[in-house]
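# Per-entry structural report
Here is how the chains run, residue by residue.
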Amino acid sequence: MRVNRLLSMLLIISGQGTVTGKELAEHFEVSLRTIYRDIEKISEAGIPVASTSGKGGGYYIMDSYNVSNLFLNGDEAHTFVAVMKNLHGLFGRNEAFNDILLKVEHTYKREPGKDKLTLNLSHFSMEQEIKAFLGIISEAITENRLLVFDYINRDMEYLERTVEPGWIDFRHGHWYVIGFCRVRNDYRRFKLVRIRQLELGLPFAKRDVPEARIAEVIEHNYSQAGIQVVLRFTSRIGAQLTEYFEKEKISRGGDGSYLVTDTFPHEEGLLKFILSFGKECELLEPRGLRAELQQYMQNMLFSYND
């Protein structure tokens, strides 16, 4: 939109000091004549844009005018830019991210080498795939298009899903797409690392359901399919438990050990998670799951019977 371009142009000129018409035309991918007209509009709005010719010349805003930092202080802006830069890298060429970054970066000048925060929200083994997925999902949400993909479920089975995407979620180190699954006829949360063969589908009419209600449905479904587990940890690993569990779920035992009571999906992945703590963890309850774990470990030992 032209209004967004005018504002972005104003912030670029304000941030860089002097910018040539050619640089602006290349940045916004418009003609030089369009830039001339935009500069005229900015001047008509009462903003004193001047120009100098020759080497080192270009457009600049006169010293008497100040584009003030109205919304964020410097540290807040730099933190915001760090987050947005990472998201921009993941989502690829996205006009919304580009405009936001442009406006903030050129309004809040940053000293080189003074960054206090860097972020990497990509996945260590599927960086390019996740980047591609985020771009496709973002497009589907914007254009109200279905998503069609194969999904690896908890039983390690590939099932084709058709989903009406609602929004993208990042939690506990993983990216998800939240939407209405036409296969399950309910709202679901799909982990992007389990998605294969993602494609855009046909347009659909968006359902009039508040996001808060959708989140409630998903959490309810999760808890219904889950199982409450009690784990006992040695004092040796106690200080590290907050890396894996909410601190409210952790309590201290009378013998110095730690107890964790939490709800997990009842699947093979839960057994693998418990075993990842080695001898530092013991599954106390439920007894049925404890028996499953014992059998699972016995089956593992068969692979090492030489």
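Our subject is the structure that appears above.
Model, not experiment: these values are computed from the prediction. (Residues numbered from 1 in each chain as written. Predicted model: local features only at pLDDT ≥ 70, side-chain atom pairs only at ≥ 80, totals over all residues. Heavy atoms only, no water.)

### Structural notes on the overall build of the protein chain
Secondary structure assignment for the protein chain yields 9 helices and 11 strands. Split into buried and exposed, the 306 residues of the protein chain put 37% on the buried side. About 19,100 Å² of surface is accessible on the protein chain, with carbon and sulfur atoms providing 50% of the total. (Helix = DSSP H or I, 4+ residues; strand = E, 2+ residues; numbered from the N terminus. Buried < 20%, exposed > 50% of the residue type's maximum accessible area, 1.4 Å probe, protein only. Areas by Shrake-Rupley, 256 points an atom, 1.4 Å probe, with all protein chains shown as cover.)

### Observations concerning the nonpolar core
Core analysis: the biggest nonpolar cluster contains 20 residues, and Val229, Leu231, Phe233, Leu241 and Phe245 have the highest contact counts within it. Going through the elements one at a time, strand S8 (226–233), strand S10 (258–265), helix H8 (268–275), strand S11 (281–285) and helix H9 (287–302) are the ones with two or more residues in this core. With 4 residues, S8 is the single largest residue contributor to this core. Not counting the four nearest positions on each side in its chain, Phe245 is found in contact with Leu231, Phe233, Ile250, Val260, Asp262, Phe264, Phe273 and Phe277. By size, the runner-up hydrophobic cluster in this structure holds 17 residues, among which are Phe133, Ile137, Val177 and Ile195. (Core = buried A, V, L, I, M, F, W, Y, C linked by side-chain atoms within 4.5 Å. Contact = heavy atoms within 4.5 Å.)

### As for the pattern of salt bridges
Under the counting rule described, the total for this entry stands at 11 salt bridges. Where salt bridges share partners, they join Glu164, Arg182 and Arg207 into one cluster. (Salt bridge = Lys/Arg side-chain N within 4 Å of Asp/Glu carboxyl O.)

### Notes on H8
All buried positions along H8 are accounted for by Leu270, Leu271 and Ile274. Seen along its axis, H8 keeps its buried residues to an arc of 100°; they face one direction. Close packing links the buried residues of H8 with S8, S10, S11 and H9. (Arc of directions from axis to C-beta.)

### A short note on the sheet that holds strand S3 (residues 145–152)
Read across the open sheet, the 5 strands follow the order S6-S5-S4-S3-S7; overall the sheet is antiparallel. Strands with a single pairing partner mark the edges of an open sheet, and in this sheet they are strand S6 (186–191) and strand S7 (195–203). Strand after strand, the sheet turns through a mean of 45° between neighbouring axes, direction not considered. Alignment of strand S4 (residues 158–171) against strand S5 (residues 174–181), held across 8 bridges, turns out to be antiparallel. When the bridges of S5 are listed, Asp169 appears paired with Tyr176. Each of S3, S4, S5 and S7 is contacted by helix H6 (residues 127–143), which is oriented at about 85° to S4, the strand it contacts most. Strand contacts of helix H7 (residues 211–224): S4, S5 and S6, with the helix running at about 75° to S6, the strand carrying the most contacts. (Pairing = 2+ DSSP bridges. Axes fitted to C-alpha atoms, helices over the stretch in contact; angles between N-to-C directions.)

### Considering H9
Between the first and last C-alpha of H9 there are 23 Å, a value that for 16 residues agrees with the 22 Å anticipated at 1.5 Å per step. Of all the residues in H9, the buried ones are Leu289, Leu293 and Tyr296. Taken down its axis, H9 places every buried residue within 60° of arc, on the same side. Summarising the geometry of H9, the exposed residues directed more than 90 degrees from the buried face are Arg287, Leu301 and Phe302. Close packing links the buried residues of H9 with S8, H8 and S11. (Expected span 1.5 Å × (residues − 1).)

### A word on the packing of H8 against H9
Close contact between H8 and H9 brings their axes to 11 Å; oriented N to C, the two are set at 75°. One element, H8, and the other, H9, form an angle in the roughly perpendicular class. Residues Glu268, Leu270, Leu271, Lys272, Ile274 and Leu275 of H8 lie in contact with H9, whose contacting residues are Leu289, Glu292, Leu293, Tyr296, Met297 and Met300. Of the residues contributing to the contact of H8 with H9, the split by class is 9 nonpolar, no polar and 3 charged. (Parallel < 35°, antiparallel > 145°, perpendicular 65-115°, else oblique. Nonpolar A, V, L, I, M, F, W, Y, C, P; charged D, E, K, R; others polar.)

### So, the pairing of S4
Here S3 pairs with S4 via 6 bridges, running antiparallel. Across the sheet, the residue bridging to Asp150 is Glu160, located in S4. In this structure, the hairpin formed by S4 and S5 is closed by a connection of 2 residues, where His172 is found at a positive phi of approximately 50°.

### Focus: the environment of Thr234
As for its position among the elements, Thr234 is in the loop between S8 and strand S9 (250–252). Along the backbone, Thr234 and Ser257 are 23 residues apart, and their C-alpha atoms lie at a distance of 4.9 Å. When residues no more than four places from it in sequence are discounted, the contact partners of Thr234 are Tyr258, Lys279 and Glu280.

### A few points about the packing of aromatic side chains
In total, this model carries 14 aromatic pairs according to the counting rule given. Ring plane angle 25° and centroid distance 6.1 Å describe the contact between Phe245 and Phe277, whose orientation is recorded as stacked. A residue pair is termed long-range when its members are at least 10 positions apart, and Phe245 in the loop between S8 and S9 and Phe277 in the loop between H8 and S11 qualify at 32 residues. Among the residues examined, Phe277 registers a relative accessible area of 8% and is labelled buried. Cluster of aromatic residues (ring-pair linked, three or more members): Phe233, Tyr244, Phe245, Phe264, Phe273 and Phe277. Sitting above the plane of the Tyr176 ring, Arg189 keeps its charged end 5.6 Å from the centroid. Its end group placed over the ring of Phe180, Arg207 keeps NZ or CZ at 3.7 Å from the ring centre. (Phe/Tyr/Trp six-rings, centres within 6.5 Å; stacked < 30°, edge-to-face > 60°. Lys NZ or Arg CZ within 6 Å of the ring centre and 35° of its normal.)

Without other data, these values stay purely geometric and don't point to any function.
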